[in-house]
Amino acid sequence: LIALAMPVSLSARVGVSSGARVGVCRVGGARVLGNVRTSAAASSAASSSLDLAGVSGGRVYNFSAGPACIYEDVLTTASSEMMNWENSGTSVMEMSHRGKEFMGIHAKAIADLRELLSIPDNYQVLFLQGGASLQFASIPLNLASAEDTADYVTTGSWGAKAIGEGKKFLKNANEAASTKSSGFTSIPATSEWSLSDDAKYVHICANETIQGVEFKTDVVPANGAPLIADMSSNFVSKPIDVSKYGIIYAGAQKNVGPAGLTVVIVRDDLIGNARADCPTMQNYAIMAENDSMYNTPPCYSIYMAGLVFDKLNKMGGLEAVEKVNIEKCAHIYDAIAGSDGFFNCPVDMTCRSAMNIPITIVNEDADKRAELEKAFIAEAGDLGMVALKGHRSVGGMRASIYNAMPIEGAEALAAFMKEFKAKHA
């Protein structure tokens, strides 16, 4: 099967009670601006039993799907080096990308990522631009001719966009499987995929940011075609076997740092096959030959990503990172499960994302449901938990709890959910 079953109580999996820290949760700054609360925030604080001690510097718990929160110590380091990086006399933003200082930053970021993911030697790491969305076109342009076939497994909005772009460049962009009819709330077993014998590749989205659906294991296509994975929203959140993939690509703005950088990890045998009309900037061979510096790269985004990679390695690698992520999502999934049906997550238990959790309020009256969800988002915001509004195409709420979201943020949200339910059920 594609996904390992996720137990009803995720906390049992990590040995943590869903209510273990509720009494000491810290709900960030109540929209603190210069350490002064707005009147609405003060009112919510007065009516809430939650501890409103706040987070450092008046910061909030940012549940944005991306750009997303960044580790505070990484931001502190970047801040301290902003004006003068390691006594170079310049900011990283001002450096020549071909100077020895930035070349060192670039090389270390790649080396740290290789260590973090245990990337085999027969893979290239490219630091590109254009976001993961540009890779929707770059992949067929590098791996297939206009007369070729490629398979796509569509499990959410981003997978749908990928095949939509593929259809522009391929004679047959075959939708091997899709869960659209069920609202993109599950992942079909590999035995149900209708793969093509002549497919140049099989494409998946490893974690659907909008629907909250995640592949829990590395899959192997039965037709032997290279597996291509968009990992934008669960990149470096858990260990993976890179050798199972032909290409892994990810936008940086969720788990790695600020927007502007796209990481592409590509196996050597898939480089050098680009179409004659493939744009230079999308040609993997040209970018690999030039160390991703055919033109000026997104220097500061690479620098920030490098700080994050270094931190994750020092945390103990992706095994340690995954353990924290499982504990974080357990707090929120347990709050849903323990709400007596007040809250719901529509995603099948076997493939619920550890990164993006869609949350709805159950009420047969659509207007009342919308009113409650609006109140939830507003009241949470007043307590310093922001960006919880669901994607416009789905509605409801969504909690994005990427690597840099502290456990206290997940605890705070879970505690608020319990209190909100008690007040409105």
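To keep things clear, this report deals only with the structure shown in the data block. (Residues numbered from 1 in each chain as written. Predicted model: local features only at pLDDT ≥ 70, side-chain atom pairs only at ≥ 80, totals over all residues. Heavy atoms only, no water.)

**Thoughts on the packing of helix H3 (residues 72–80) against helix H8 (residues 299–314)**
Then step 1. The geometry of H3 relative to H8 is characterised by a closest axis approach of 10 Å and an angle of 130 degrees between their N-to-C directions. Regarding the angle of H3 to H8, the classification is oblique. Classified by chirality, the crossing of H8 by H3 is right-handed. From H3, Asp73, Val74, Leu75, Thr77 and Ala78 reach across to H8, where they touch Tyr300, Tyr303, Met304, Leu307, Val308 and Lys311.
Then step 2. Considering only residue class, the contact of H3 with H8 consists of 8 nonpolar, 1 polar and 2 charged. (Axes fitted to C-alpha atoms, helices over the stretch in contact; angles between N-to-C directions. Helix = DSSP H or I, 4+ residues; strand = E, 2+ residues; numbered from the N terminus. Parallel < 35°, antiparallel > 145°, perpendicular 65-115°, else oblique. Left-handed = near helix turned anticlockwise from the far one by under 90°. Contact = heavy atoms within 4.5 Å. Nonpolar A, V, L, I, M, F, W, Y, C, P; charged D, E, K, R; others polar.)

**Quick look at the sheet that holds strand S2 (residues 123–128)**
Then step 1. With mixed pairing, the 7 strands of this open sheet are ordered in space as S2-S10-S9-S8-S5-S3-S4. In this open sheet, the two edge strands, each paired with only one partner strand, are S2 and strand S4 (172–178). Strand-to-strand twist of the sheet, defined as the mean angle between neighbouring strand axes without regard to direction, takes the value 20 degrees.
Then step 2. Direction of pairing for strand S5 (residues 199–205) relative to strand S8 (residues 227–230): parallel, over a ladder of 4 bridges. Each bridged residue has a counterpart across the sheet, and for His203 the counterpart in S8 is Ile228.
Then step 3. In the packing of helix H5 (residues 131–143) onto the sheet, contacts are made with S2, S5, S8, strand S9 (247–251) and strand S10 (262–267), and the angle to S9 comes to roughly 155 degrees.
Then step 4. Contacting strand S3 (149–154), S4, S5 and S8, helix H6 (residues 157–169) crosses the sheet at an angle of about 160 degrees to S3. (Pairing = 2+ DSSP bridges.)

**Observations regarding the nonpolar core**
Then step 1. Grouped together as the largest cluster of nonpolar side chains are 98 residues, with contacts concentrated most on Leu113, Leu117, Phe127, Phe235, Phe343, Phe376 and Met385.
Then step 2. Top contributing element to this core by residue count: H8, with 10 residues.
Then step 3. Ignoring any residue separated from it by four or fewer positions in sequence, one finds Leu113 in contact with Ile119, Val125, Phe127, Phe235, Val236, Val263 and Phe309.
Then step 4. By size, the runner-up hydrophobic cluster in this structure holds 25 residues, among which are Phe136, Leu143, Ala150 and Ala288. (Core = buried A, V, L, I, M, F, W, Y, C linked by side-chain atoms within 4.5 Å. Buried < 20%, exposed > 50% of the residue type's maximum accessible area, 1.4 Å probe, protein only.)

**Some words on helix H4 (residues 100–117)**
Then step 1. Spanning 18 residues, H4 covers 26 Å between terminal C-alpha atoms, matching the ideal 26 Å at 1.5 Å per step.
Then step 2. Every buried residue of H4 is listed here: Phe102, Ile105, His106, Ala109, Ile110, Asp112, Leu113, Leu116 and Leu117. For H4, the buried positions fall inside an angular range of 165 degrees around the axis, keeping them on one side. Of the residues in H4, the exposed ones pointing more than 90 degrees away from the buried face are Lys100 and Glu115.
Then step 3. Residues of H4 that are buried sit in contact with S2, S10, H8 and helix H9 (318–337). (Expected span 1.5 Å × (residues − 1). Arc of directions from axis to C-beta.)

**What about empty space enclosed by the protein?**
Then step 1. Enumeration over the complete set of coordinates arrives at 2 cavities of 30 Å³ or more.
Then step 2. Lining the largest cavity, in full, are Cys69, Ile70, Tyr71, Lys254, Asn255, Val256, Gly257, Val308, Asn403 and Ala404.
Then step 3. Within the lining of the largest cavity, the residues separate by chemical class into 6 nonpolar, 3 polar and 1 charged.
Then step 4. Computed from the structure, the second largest cavity encloses a volume of approximately 40 Å³.
Then step 5. What lines the second largest cavity is Leu117, Met231, Asn234, Phe235, Val236, Lys238 and Ile240. (1 Å grid on protein atoms, 1.4 Å probe; cavity = no way out; pocket = protein on both sides within 12 Å on 5 of 7 lines; lining within 4 Å. Points joined across faces, edges and corners; volume = space filled by probe spheres on them.)

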